[in-house]
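Fold and contact review
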Amino acid sequence: DTMVNGVRALGKQLLAYYDRHKAADGSRIDTVREAINRWAPPTENDTDGYGAFVCTVLEVRPDDELDFHDPDTLYWMTVAIGEQESGHKAFTEGVSEADLNAGVQAALA
């Protein structure tokens, strides 16, 4: 219903992956590769390309372990997924910095 709630929902989903779901090997979902494979399954998406874009935004490698509870990590994961899903221009014009910050903080609360 609001952009803040949309950002919050994405953040909460990523936190659920990290806290409650398991990767294929039974470990915590804590990498870009694992999160994107869950978010955008390879049966429906170019998961490798999607993950490569997210890695570029976060400046990490696909299998680097991340802490999704870190505000900066959650913020940039949200930005990267938002841009991948909507396109850079649409996302940056449609989602303000204030909405991103408020949504991420709400997800972490």
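In short, a report on the structure. (Residues numbered from 1 in each chain as written. Predicted model: local features only at pLDDT ≥ 70, side-chain atom pairs only at ≥ 80, totals over all residues. Heavy atoms only, no water.)

1. So, the nonpolar core
Core analysis: the largest hydrophobic core is formed by 30 residues, its most contacted members being Leu 14, Val 32, Val 54, Leu 58, Phe 68 and Met 77. Only α1 (3–20), α2 (32–39), α3 (47–58), α4 (71–86) and α6 (97–108) provide two or more residues apiece to this core. (Core = buried A, V, L, I, M, F, W, Y, C linked by side-chain atoms within 4.5 Å. Buried < 20%, exposed > 50% of the residue type's maximum accessible area, 1.4 Å probe, protein only. Helix = DSSP H or I, 4+ residues; strand = E, 2+ residues; numbered from the N terminus.)

2. Brief notes about the packing of aromatic side chains
Counted according to the given criterion, the structure contains two aromatic pairs. When the centroid spacing of 4.9 Å and the interplanar angle of 80 degrees are considered together, the rings of Tyr 75 and Trp 76 count as edge-to-face. Using a relative accessible area of 8% as the deciding quantity, one classes Tyr 75 as buried. Here Trp 76 falls in the partly exposed class, since its relative accessible area comes to 40%. Of note, Arg 28 hangs over the ring of Tyr 18, and the distance from its end group to the ring centre comes to 4.2 Å. (Phe/Tyr/Trp six-rings, centres within 6.5 Å; stacked < 30°, edge-to-face > 60°. Lys NZ or Arg CZ within 6 Å of the ring centre and 35° of its normal.)

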